[in-house]
Number of protein chains: 2
Amino acid sequence: MSKKARPQGRLLYAQSGGVTAVINATASAVIDEARRHGLEVLWARNGILGALGDDLFDTTSLSKAQVRALAHTPGGAFGSCRVKLKSLEEDRARYEALLETFRRHDVRYFLYNGGNDSADTALKVSQLAKEFDYPLTCIGVPKTVDNDLAVTDCCPGFGSAAKYTAVSVRECALDVAAMASTSTKVFIYEAMGRHAGWLAAAAGLAGKGPDEAPQLILFPERTYDEGAFLAQVDAVVKRVGWCVVVASEGIRDAEGRFVADAGGGTDAFGHTQLGGVASHLAGRVQQVLGHKVHWAMPDYLQRSARHIASETDYRQALAVGRKAVQFALKGQNATMPVIRRISDAPYRWRIEAASLERIANAEKTMPDDFIREDGFGITDAARRYLQPLIRGEAYPPYGRGGLPKYGRFGES
Amino acid sequence: MSKKARPQGRLLYAQSGGVTAVINATASAVIDEARRHGLEVLWARNGILGALGDDLFDTTSLSKAQVRALAHTPGGAFGSCRVKLKSLEEDRARYEALLETFRRHDVRYFLYNGGNDSADTALKVSQLAKEFDYPLTCIGVPKTVDNDLAVTDCCPGFGSAAKYTAVSVRECALDVAAMASTSTKVFIYEAMGRHAGWLAAAAGLAGKGPDEAPQLILFPERTYDEGAFLAQVDAVVKRVGWCVVVASEGIRDAEGRFVADAGGGTDAFGHTQLGGVASHLAGRVQQVLGHKVHWAMPDYLQRSARHIASETDYRQALAVGRKAVQFALKGQNATMPVIRRISDAPYRWRIEAASLERIANAEKTMPDDFIREDGFGITDAARRYLQPLIRGEAYPPYGRGGLPKYGRFGES
């Protein structure tokens, strides 16, 4: 507990975009760290919507046990949202509504926990506050299973989804190997990740060498060529007897069309809504090669799988929450606590402050030297990067009923 | 270690049909128990195919550590297969080839680890051995994630898949609840189970009461009526704000057509090949109700998820393996070790011998009093039955790399 004077005003915390297995761990650390400094935390319901509509939850009513339970509860305890504010000119009324909420509740610190869109919003809010001479410190707090944020070495949420992916692919590969003599010969696993192949790449940790599963990975960083893909599948089946493919949801053909064009909608961020790559590829393998195929699309399961969270990821999710509060109290406006890797083995990292300007709207895809020359696998450099991120098992506590004891907060 | 005389001949063990997270645990117990009695175990590669083609692995070469590792390794260590022998008349040559393999290797005990088709095969092999006066004791050993075997209270493999299902649905429901204000309002999870709704029912353990996820479950034991289903989804979204649906792969409409008719193939057992219910339902919800939908199809992930195995299931998988060897040595021909439930709370069970004739080709679907009157959920009776089966976490050991230390046996 700090002996220093109690800070002025309150802290407003909000989550944005797709939730993760550990974003509530970050929230738990934010609340705990703020309490150490005598700072009250308001939590906006449904992300920025709650801040715009003055729908805030006062976390001072949460017990210590509830704050602890937050740390092992997946999802977003008070809701997130997919709403992107536009430029200050276009969305001026909404930005001013935000400032109005801040004034009403004496909010002096704004922590926005999300991806690159959220970093952009936090940056704009800080600019507006300056324009209106309102004393506000804005901090972006990183989160995304896609691992596509710039500057930070990795993103809280990714390590756990990566662990889920690698473990699931190793497990289902053992299943396929057992069945291949008379049944399924090709298995296709669809990974999230949007324009970045990080989650698909994590599946590569499940095996080593060209004959271990996954034998083929399809990255959005490489053009999808159906002929080349099917030839590879056929070659693997001939050599190994079966083949596990991991396909990133965001792969595109030479014309730039998403292979998962089945859905075709767009979300509130203006991104094409993805999904359906695995079923498409499975159909083609069956039609063209004639192999029996199974496929899996874990969808939200992969980003909410707190039961198989990575210990590294969990610790980093807590660390960015704590540091965000510390940066806020030091007045490090328009920054984000990012993870800086010091060494691969032993794995060492620390949290540093980075300017939101360097992160807002940028997107970090897989570097070339992480993708195998033939385009269908990961390199040793990728392994060195990915491996520490899935290390350790941060199991949630379980009840007598055999289910994790996840907290309930929404009704509070 | 038994002080008794070493039994005559050897034991042949084979796995059949879809593998599970704990079928190798049963194999591990078979080998360990046989060793206690000085009995050598041969393991047929790729199930009955290995027995037919004289492709047997001699398990005496497995170290104690390898036998222990089997117990926490999912899949089928030496392969399974989907080959169903027909009647003795139709498939006589193959049955005789089996007997020939038994003679060649002095096999006096045959343990066939599978579902109801395998119980039928084991029964027929026992009949043929009697006809040829060959001294053989045949034991069926239960296994199936579908939980559809007759006589036994539950099936090894089911409890772990059930735990995976309940945990995954609870987790993704927290995700959907967080996103529903601006994004996904309906989430559809597709469960395995063929003609039986047991795995879909297990998802019901994730919540209680009509407002907790999964709010709707679609069972193959009830006719799928699109109008009624969509009305229920709409009502739940209006009342709760979002809706999680769990759909069994085997649901059929009033004309008896599988909703998942997209695939439409048949496997070697003559069963229609299923898959694709969730994507179909998702499309209808989006088209008719206009809600944003996400869906998941975990497919093999649900039956190979050793990382979230149920302790109850694991213990039962070991127990049926041990008892199968004991029954074999006692000459309890044409039987299966089945699980008899003594009480729900505290949960008590024991292994008994049941005649294969009562199990062969029978199929146990969900009893009427396990399905809620409206057809879209489970009753308290179902909860009392299901709950003990997912209790306890039988975690596998993990390596420094953050992945489970699953054994490798295929190359041995």
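Residues numbered from 1 in each chain as written. Chains lettered and ligands numbered in written order. Predicted model: local features only at pLDDT ≥ 70, side-chain atom pairs only at ≥ 80, totals over all residues. Heavy atoms only, no water.

Some points on the pattern of salt bridges
Working definition: two side chains of opposite charge can pair if their charged atoms are close together. One pass over the structure, following the stated rule, counts 66 salt bridges over all chains. One network of salt bridges, with partners in common, ties together Arg 6, Arg 10, Glu 40 and Asp 58 of chain A. (Salt bridge = Lys/Arg side-chain N within 4 Å of Asp/Glu carboxyl O.)

Looking at the environment of Phe 409 of chain A
All names here are of chain A. Considering the arrangement of structural elements, one finds Phe 409 in the segment after α12 (380-386). Measuring from C-alpha to C-alpha, the distance between Phe 409 and Asp 234 comes to 50 Å, with 175 residues separating the pair along the chain. In this structure Phe 409 touches Leu 62, Gln 66, Ala 69, Leu 70, Thr 73, Ala 77 and Phe 78, once residues within four positions along its chain are discounted. (Helix = DSSP H or I, 4+ residues; strand = E, 2+ residues; numbered from the N terminus. Contact = heavy atoms within 4.5 Å.)

What to know about the domain arrangement of chain A
How big an interface is tends to be stated in terms of the accessible area lost upon association of its parts. Residue and element names in this part refer to chain A. Along its sequence, chain A is carved into domain 1 (10-144 + 306-361) and domain 2 (158-303). Once you take the C-alpha centre of each, domain 1 and domain 2 turn out to be 33 Å apart. Counting residues at the interface gives 14 residues for domain 1, matched by 11 residues for domain 2. A per-residue breakdown of the area domain 1 buries against domain 2 is headed by Arg 82, Ile 308 and Asp 313, which together make up 45% of the total. Summed over the shared surface of domain 1 and domain 2, the number is zero salt bridges. (Domains from an automatic or database assignment. Buried area = accessible area lost by both parts, 1.4 Å probe.)

Focus: the UniProt feature "site: Important for catalytic activity and substrate specificity" (unreviewed entry) in chain A
As annotated in UniProt, the feature "site: Important for catalytic activity and substrate specificity" (unreviewed entry) corresponds to Asp 117 of chain A in the numbering used here. Summarising the element assignment, Asp 117 of chain A is placed in helix α5 (residues 116-131). (UniProt positions renumbered as here; feature names shortened; annotations may be inferred.)

Topic: the interface of chain B and chain A
At the interface, 68 residues of chain B touch 68 residues of chain A. Of the roughly 5700 Å² buried between chain B and chain A on both sides combined, carbon and sulfur atoms contribute 57%. Taken together, the links from chain B to chain A amount to four salt bridges. At the boundary of chain B with chain A, the tally comes to 30 residue pairs in polar contact (both at pLDDT 80 or more). At the level of secondary structure, the elements contributing two or more residues to the side of chain B that touches chain A comprise α6 (158-179), β6 (186-191), β9 (293-296) and α10 (300-304) of chain B. For the side of chain B that touches chain A, the element with the highest residue contribution is α6 of chain B, accounting for 13 residues. Residues that form the side of chain B that touches chain A fall into these classes: 32 nonpolar, 21 polar and 15 charged. (Polar contact = N/O pair within 3.5 Å; in protein donor to acceptor, adjacent residues only side chain to side chain. Nonpolar A, V, L, I, M, F, W, Y, C, P; charged D, E, K, R; others polar.)

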